[in-house]
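Here are the chains, one letter per residue:
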Amino acid sequence: MGFFGTIKDEAKRNFIARADEAKGEIVYKYPEKNIRMLTQLTVDADEVALFVKDGKVEGKLGPGRHQLDTNNIPFLSRLLEGFTGGNLFIAEIFFVSTREFTGVKFGGPIGDVRDPETGLGIGTMVYGDFSLRVTEPEKLVVGLVGMGRTSNADFLGWFKGQVLKVTRDRIAELLVKKRWPLLDVTSGAYTEEIETEVIAGLKPHVDTYGMTVVRMGNFHISIKEEDEATLKKLSKDVAYSRLAGGFQQYAQGQAMLGASEGMAKGGGGADGALQGMGMGMGFGMAQMFTNQQQHQQQQQQQPPPAAAPAADTRSPAQRLKDLKELKDAGVLSDDEYNAKRAELMKLL
């Protein structure tokens, strides 16, 4: 077995090609450095073979079968070792695929991102996939050799890190500049714009390595369920406070509503706190709230006099936006929303 095994190994050294198990890799480094002259080298249709010595690309061969001979391939003369009588040259051979690689998955934490609507810092995650292609194999190999990342796994790990870094930076920048609510971002409302920004942001990082990100897919930004519930609650409160004229007025209304709901359930609380004077105060607050609701409903049903200045200083467009938020939060029914929207549209 040892004798025949040796013959088999020697035969392999007379033929060089990408290993079958590495057909799906972007970069494949041939394990041997000592290459015999007249060896047959096979390059597949969607790749190139680069000869590297001392961190410099000395030559490149395209698709096809090549006999490694200085008569056929002149640059090999720069790789010959004189002490072997011209029968051996020393070089690293890299096979680099030039086709588009799709479905490269990535993901990880973006970190805390401040929501412009509520001011809260929320932990976010991103995951998805992208496709990439090698545009300049020489730049890629020189860059990888310089970084000491000559394996396909090392290269992909580094590249995914670049994608995550740029995604993190771009999302934070977009939220600050465009004031996108984080709930809208996680819903996918701005996915296409974010993808475009990420691809553009990656360009200066990967151009120097002869790479390009062609497109992104299944791109999703997410937050924890409890954080999403908190943002929805606060977003609803913000929308309520805008309609009420301020957070203080909204808080007062909530307090009154809580008191009236407590009495409707028959009181309760610590030692009957709503009995006696407390109950009278509760009824008074409930009545005040009821009167305020009735007054607001009457105002909504009757259009304001043309000559009277509007009490609400918000623009009709802003009021429409706030109205939409209340509908999305489930505060307003479709009929209520459509009726109020029709009134506001008349003001535009």
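Fair warning: this is a prediction, and the values are worked out from it, not measured in the lab.

Chemist: Lay out helix H3 (residues 152-178) in plain terms, naming residues and giving numbers.
Modeler: Between its first and last C-alpha, H3 extends 38 Å over 27 residues, near the 39 Å set by a 1.5 Å rise per residue. A positive phi of about 55° marks Arg 179, the residue just after H3.

Chemist: Which residues make up the sheet that holds strand S1 (residues 15-16), and what values go with them?
Modeler: Here we have three strands laid out as an open sheet, ordered S1-S4-S7, and mixed in their pairing. A single partner strand is all that each edge strand has here, and the edge strands are S1 and strand S7 (64-67). Sheet analysis places S1 next to strand S4 (residues 40-43), joined by two bridges and oriented parallel. Across the sheet, the residue bridging to Ile 16 is Leu 41, located in S4.

Chemist: Which residues make up the pairing of strand S5 (residues 47-53), and what values do they have?
Modeler: S5 sits mainly inside the fold: six of its seven residues count as buried. Alignment of S5 against strand S9 (residues 92-97), held across six bridges, turns out to be antiparallel. Paired with Val 48 across the two strands is Val 96, which belongs to S9. Connecting the antiparallel pair S5 and strand S6 (residues 56-61) is a turn made up of two residues, with Asp 54 showing a positive phi of about 55°.

Chemist: I'd like a description of the packing of aromatic side chains, backed by residues and values.
Modeler: For any two aromatic rings, the description comes down to two numbers: the centre-to-centre distance and the angle of the planes. Here the structure, examined in full by the defined rule, presents ten aromatic pairs. Feature note: the residues Phe 106, Phe 130, Phe 155, Trp 158, Phe 159 and Tyr 209 constitute an aromatic cluster, connected by ring pairs.

Chemist: Residues and numbers for the environment of Val 185, please.
Modeler: Inspection of the secondary structure assignment puts Val 185 in helix H4 (residues 182-186). Distance in space between the C-alpha atoms of Val 185 and Ile 221 is 7.1 Å, their sequence separation being 36 residues. Those residues in contact with Val 185 that sit more than four places away from it in its chain are Leu 175, Trp 180, Tyr 190, Ile 194 and Ile 221.

Chemist: Account for the nonpolar core, with residues named and values stated.
Modeler: Counting residues in each nonpolar core, the largest one holds 46 residues, and the members touching the most others are Phe 130, Leu 132, Phe 155, Phe 159, Ile 194 and Met 211. It is H3 that provides the largest number of residues to this core, a total of ten residues. Discounting chain neighbours no more than four positions away, the residues touching Met 211 are Leu 132, Arg 133, Val 134, Thr 135, Leu 140, Phe 155, Phe 159 and Val 206. Ranked by size, the runner-up nonpolar core spans 21 residues in total, among them Val 43, Leu 68, Ile 73 and Leu 76.

Here is what the cut-offs are and how they apply
- Residues numbered from 1 in each chain as written.
- Predicted model: local features only at pLDDT ≥ 70, side-chain atom pairs only at ≥ 80, totals over all residues.
- Heavy atoms only, no water.
- Helix = DSSP H or I, 4+ residues; strand = E, 2+ residues; numbered from the N terminus.
- Expected span 1.5 Å × (residues − 1).
- Pairing = 2+ DSSP bridges.
- Buried < 20%, exposed > 50% of the residue type's maximum accessible area, 1.4 Å probe, protein only.
- Phe/Tyr/Trp six-rings, centres within 6.5 Å; stacked < 30°, edge-to-face > 60°.
- Contact = heavy atoms within 4.5 Å.
- Core = buried A, V, L, I, M, F, W, Y, C linked by side-chain atoms within 4.5 Å.

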